[in-house]
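Coordinate analysis (summary)
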Amino acid sequence: MTYRTVLGDTWDIIAKKVYGDEFLADQLMDANRELLGNFIFSEGIEVKCAEIAARTAVYPEGYPEWRD
């Protein structure tokens, strides 16, 4: 699966759009090492989105559970 960026996308924004969890940005980055120089994307860049197994979100310490 791929995602085509819109102007202003960032790794965490794309992860939220694709996976529903911004904490999975590292999965996108691993699959797109050639794009790691991008912090804020321009429009139309194709980002590979690896299929990931469903998982329970792991949030940083202190992150309130009610935010799920």
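The preceding data block contains the structure.
Parameters at a glance
- Residues numbered from 1 in each chain as written.
- Predicted model: local features only at pLDDT ≥ 70, side-chain atom pairs only at ≥ 80, totals over all residues.
- Heavy atoms only, no water.
- Helix = DSSP H or I, 4+ residues; strand = E, 2+ residues; numbered from the N terminus.
- Buried < 20%, exposed > 50% of the residue type's maximum accessible area, 1.4 Å probe, protein only.
- Contact = heavy atoms within 4.5 Å.
- Areas by Shrake-Rupley, 256 points an atom, 1.4 Å probe, with all protein chains shown as cover.
- Salt bridge = Lys/Arg side-chain N within 4 Å of Asp/Glu carboxyl O.

So, the overall build of the protein
Each helix and strand counted, the protein has two helices and two strands in total. Counting across all 68 residues of the protein, residues that qualify as buried make up 26%. Pairs at least 24 residues apart make up 58% of the contacts formed inside the protein by residues separated by at least 6 positions. On the protein, roughly 4,800 Å² of surface is accessible, and the fraction owed to carbon and sulfur atoms is 54%.

What to know about the environment of Ala25
As for its placement among the helices and strands, Ala25 is situated in helix H2 (residues 25-31). Exposure remark for Ala25: the relative accessible area of 11% places this residue in the buried category. For the pair Ala25 and Ala15, spaced 10 residues apart in sequence, the C-alpha to C-alpha distance is 5.1 Å. Ignoring anything within four residues of it in the chain, the contact list for Ala25 reads Trp11, Asp12 and Ala15.

Notes on the pattern of salt bridges
This structure, assessed with the given rule, holds five salt bridges. Ionic pairing is found between Arg4 and Glu46, a salt bridge with its closest N-O pair at 2.9 Å. Here the residue Arg4 occupies a position in strand S1 (residues 2-4), and Glu46 occupies one in strand S2 (residues 46-48), the gap between them amounting to 42 residues. For Glu46, a relative accessible area of 45% corresponds to the partly exposed category. Here Lys17 ties to Asp9 by a salt bridge, and the two come within 2.9 Å at their closest N and O atoms.

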